[in-house]
Amino acid sequence: MYYQYFGLNEAPFSIAVNPRYLFMSPRHRDALAHLLYGVGTGGGFILLTGEVGTGKTTINRCLLEQLPPDTDVAIILNPALNAMELLATACDELGISYDPDNHTLKTLTDKLHQYLLANHAAGRKTVLLIDEAQHLDFDVLEQIRLLTNLETNSEKLLQIILIGQPELAQLLARPEVRQLNQRIPARYNLEPLNLAETGAYIPHRLQVAGMTPDREIFPPAVVRGIYRPPRGIPRLINERCDRILLGAYGRNKSRADRAMLRLAVQEVLGEEAT
């Protein structure tokens, strides 16, 4: 493969989520700190939004790796659930037993409440993380809001992290879910990389994959072309860089050039590089 041609240990621009490759731009660092702080301060809501490909899922993986050992996490990856299915999935994730053939919203909520009280008494925190939350129905969002009513006299028993595309913030701004929206004290929108960050992001990934810091495969002119629309979306940067490296390998070249960039843009997005 081409990465061996460049002396790399693995493909540096895979779109598979790998926390080792997380590039901590100031905004990514803020987003991760935002989540960790929210989990550490107790129950309630945290909202993380960002465009497709900006790195939300990678930040989530890093969050899970850095959570304190006294934290139990239920992860909901499929937002196409009704309210009862969501509660049942949360119970499954936390290892809470219930009758799969005879349960209601109330019985599931009661089971979850008992678990949260026991966890709190044992000095443990409980987190419910819901990805792609922009797809949740209104009745499910209302059920999620009701979960924050599970509390002691002094604090919430459940921390809920909602993660999604910018449409999630628009959804929460609708009058039908204003009660939930008012309960979100912590919000962060993850922006794409700027040009300088893109110029640091590309060699960062190459070095994680094994390239020595003194080597330059992507000269500044090519980096500028990679950055132009879609303007710093890491996933699309990866796709362009991957195609450019493949083109360089096919031409037996050690550095990228504008011709490789133009071809990569055409193949990835069907556009001409400018």
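Okay, the packing of helix H4 (residues 83–94) against helix H5 (residues 105–121) next. Relative orientation of the contacting elements H4 and H5 amounts to 30°, with a least axis distance of 10 Å. The angle between the axes of H4 and H5 places the two elements in the roughly parallel class. H4 and H5 meet at a crossing whose hand is left-handed. Residue-level inspection shows Ala83, Met84, Leu87, Ala88, Cys91 and Leu94 of H4 in contact with H5, the latter providing Leu105, Leu108, Thr109, Leu112 and Tyr115. Of the residues that constitute the contact of H4 with H5, the class distribution is 10 nonpolar, one polar and no charged.

On to the layout of surface pockets. Quantified by volume, the largest pocket comes out at close to 450 Å³. Listed by contribution, the elements that provide at least two residues to the lining of the largest pocket are helix H3 (56–66), helix H9 (195–208) and helix H11 (234–250). Residues of the lining of the largest pocket, tallied by class, amount to 10 nonpolar, 10 polar and four charged.

Once that is clear, we can look at the side chain of Asp131. Considering the arrangement of structural elements, one finds Asp131 in the loop between strand S3 (125–130) and helix H6 (138–147). Lys56 is the oppositely charged side chain nearest to the buried, salt-bridge-free Asp131, at an N-O distance of 6.5 Å. Aside from chain neighbours lying at most four places away, what touches Asp131 is Thr57, Asn60, Ile76, Leu77, Pro79 and Ile163.

Opposite charge on two side chains permits pairing when their charged atoms draw close. Scanning the entire structure with this criterion turns up nine salt bridges. Note that Lys125 is salt-bridged to Asp70, the shortest N-O span being 4.0 Å. Of this pair, Lys125 sits in strand S3 while Asp70 sits in the loop between H3 and strand S2 (71–76), and the two are 55 residues apart along the sequence. On the accessibility criterion, Asp70 (24% relative accessible area) is partly exposed. Put simply, Glu142 and Arg145 hold a salt bridge, and the shortest N to O gap is 2.5 Å. Separated by three residues within a single helix, Glu142 and Arg145 lie in helix H6, roughly one turn from each other.

Under the counting rule described, the total for this entry stands at five aromatic pairs. Centroid distance Tyr5 to Phe6: 5.0 Å. Interplanar angle 85°. Geometry classified as edge-to-face. Here Phe6 falls in the buried class, since its relative accessible area comes to 2%. Aromatic side chains Phe23 and Tyr201 sit 5.7 Å apart centroid to centroid with 85° between the ring planes, which places their arrangement in the edge-to-face category. Of this pair, Phe23 sits in the loop between helix H1 (2–5) and helix H2 (26–40) while Tyr201 sits in helix H9, and the two are 178 residues apart along the sequence. As far as the burial class goes, Phe23 and Tyr201 line up, both buried.

Scoring rules and cut-offs
- Per chain, the residues get numbers from 1 upward, laid out in the order the sequence is written.
- Totals for whole chains, interfaces and linings use all residues, but because this is a predicted model, local features are given only for residues with pLDDT of at least 70 and pairs of side-chain atoms are given and counted only at 80 or more.
- The side-chain figures draw on all heavy atoms in the structure; neither hydrogens nor water molecules are used.
- For every element, the axis is a line fit to its C-alpha atoms; helices are fit only across the contacting stretch, and the angle between N-to-C directions ranges from 0 to 180 degrees.
- Each helix corresponds to a stretch of at least 4 residues labelled H or I by DSSP, and each strand to a stretch of at least 2 residues labelled E; elements are numbered beginning at the N terminus.
- Oblique is the label for any angle not covered by the other classes, which are roughly parallel (under 35 degrees), roughly antiparallel (over 145) and roughly perpendicular (65 to 115).
- For a crossing to be left-handed, the near helix must be turned anticlockwise from the far one by less than a right angle; the clockwise case is right-handed.
- In this description, contact between two residues means that some pair of their heavy atoms is separated by no more than 4.5 Å.
- Polar here means any residue outside two lists: the nonpolar Ala, Val, Leu, Ile, Met, Phe, Trp, Tyr, Cys and Pro, and the charged Asp, Glu, Lys and Arg; Gly therefore counts as polar.
- A pocket here means an open set of points on a 1 Å grid, computed over the protein atoms alone, that has protein on both sides within 12 Å along at least five of seven lines. A cavity is instead a set of points where a 1.4 Å probe fits but cannot get out; residues with an atom within 4 Å of a point line either one.
- Grid points are joined across faces, edges and corners, and a volume is the space filled by probe spheres set on the points.
- Only protein chains enter the accessibility calculation, which uses a 1.4 Å probe; a residue is then buried when its area is under 20% of its type maximum, exposed when over 50%, and partly exposed in between.
- Only four residue types enter the charge count, namely Lys and Arg as positive and Asp and Glu as negative; His and the chain termini do not.
- Any carboxyl oxygen of Asp or Glu that lies within 4 Å of a side-chain nitrogen of Lys or Arg is treated as forming a salt bridge with it.
- Put simply, two rings from Phe, Tyr or Trp (the six-membered ring, in Trp's case) pair if the centres are within 6.5 Å, and we call them stacked under 30 degrees between planes, edge-to-face over 60, tilted for the rest.

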